[in-house]
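Structure at a glance
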Amino acid sequence: MGKVVVCDHPLIQHKLTYIRDVETKTKDFRQLVDEVAMLMAYEITRDLPLQEVDIRTPVCPTKGKVIAGRMLGLVPILRAGLGMVDGVLRLHPTAKVGHIGLYRDPETLQPVEYYEKLPSDVHERELIVIDPMLATGGSAAAAISLLKKRKCTQIKLMCLIAAPEGIEAVHSEHPDVDIYVAAVDERLNEQGYIVPGLGDAGDRLFGTK
Ligand SMILES: O=P(O)(O)OC[C@H]1O[C@H](OP(=O)(O)OP(=O)(O)O)[C@H](O)[C@@H]1O
Ligand SMILES: O=c1cc[nH]c(=O)[nH]1
Ligand SMILES: [Mg+2]
């Protein structure tokens, strides 16, 4: 079974509190989400393999370590996932970025797919699917299924806040996927929103409410 990693660094938890706060306006919300994404990227990439290389310092020849293995791919789920991409790219500027467009039908809570654009070598990359909110888990599970249909095999999921229901749903469909979150909240409410959560991530990021 995939693991659930709660990124509990004090800086992440501090910033998450202000992200949750209803008084935090769009500009600060966007900046804080970006900063938390960068801090989480550090944790998510902790297990990247290294290989030894020969270099010369100005003083003598020596050996150093560089990242080896598969190249990284980021796959934000539109719209809200976009808010976390730049933060990850700041640590991994060479990652390619694919986009999957999904919205959650407000009545059925089922994901509806409307866009897909992936790098041509996506199946050769280690992928991080990015979405701030893991609520019922329907959107993340659908995005991961789409990537598996495109023959992708190494997939991690990165979210700000998860409901226990969403973790359960993703792991029952995709037990091979590790999930990285800044917090696991209590539950979903009747409208499928995470409690206490942060409200609608897309609307708060883009000021659409
Ligand atoms: O786990 P789920 O129950 O599927 O819910 C989570 C999804 O809902 C939100 O997207 P939304 O549908 O609001 O689209 P948006 O990003 O365009 O606002 C969120 O960003 C996730 O993609
Ligand atoms: O709490 C939630 C649930 C789904 N989507 C959001 O943006 N927030
Ligand atoms: Mg939304």
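Residues numbered from 1 in each chain as written. Chains lettered and ligands numbered in written order. Predicted model: local features only at pLDDT ≥ 70, side-chain atom pairs only at ≥ 80, totals over all residues. Heavy atoms only, no water.

1. A few points about the site of ligand 2
Taken together, Arg104, Met133, Ala135, Gly192, Tyr193, Ile194, Gly199, Asp200 and Ala201 make up all the residues around ligand 2. At 2.8 Å, a backbone N or O of isoleucine 194 approaches an oxygen atom of ligand 2. The backbone of alanine 201 places a nitrogen or oxygen atom 2.8 Å from an oxygen atom of ligand 2. Coverage of ligand 2 by the protein amounts to 88% of the 240 Å² it exposes when considered alone. (Near = heavy atom within 4 Å. Polar contact = N/O pair within 3.5 Å; in protein donor to acceptor, adjacent residues only side chain to side chain. Areas by Shrake-Rupley, 256 points an atom, 1.4 Å probe, with all protein chains shown as cover.)

2. Focus: the pairing of strand 12 (residues 178–181)
Along strand 12, one buried face is formed by Asp178 and Tyr180 and the opposite face, lined by Ile179 and Val181, is buried too. Note: strand 1 (residues 4–6) against strand 12, three bridges, orientation parallel. Opposite valine 4, over in strand 12, you have isoleucine 179 as the bridge partner. Pairing geometry for strand 10 (residues 155–158) and strand 12, over three bridges, is parallel. Opposite lysine 156, over in strand 12, you have aspartate 178 as the bridge partner. (Buried < 20%, exposed > 50% of the residue type's maximum accessible area, 1.4 Å probe, protein only. Helix = DSSP H or I, 4+ residues; strand = E, 2+ residues; numbered from the N terminus. Pairing = 2+ DSSP bridges.)

3. Section: the pairing of strand 10
Residues Ile155 and Leu157 point to one face of strand 10 and Lys156 and Met158 to the other, with burial holding for every one of them. Two strands pair when backbone bridges link them, and strand 8 (residues 126–130) and strand 10 are joined in this way by four bridges, in the parallel orientation. Note on strand 10: the bridge partner recorded for leucine 127 is isoleucine 155.

4. Describing the site of ligand 1
The immediate surroundings of ligand 1 are formed by 15 residues, with Arg104, Asp131, Thr136, Gly137 and Ser139 found nearest. A distance of 2.7 Å separates an oxygen atom of ligand 1 from a polar backbone atom of arginine 104. Within the backbone of alanine 135, one N or O atom sits 2.9 Å away from an oxygen atom of ligand 1. Breaking the shell around ligand 1 down by element, the ones donating at least two residues are strand 6 (99–104), strand 9 (133–134) and helix 4 (138–149). Each residue belonging to the shell around ligand 1 can be placed in one class, and the counts come to six nonpolar, five polar and four charged. (Nonpolar A, V, L, I, M, F, W, Y, C, P; charged D, E, K, R; others polar.)

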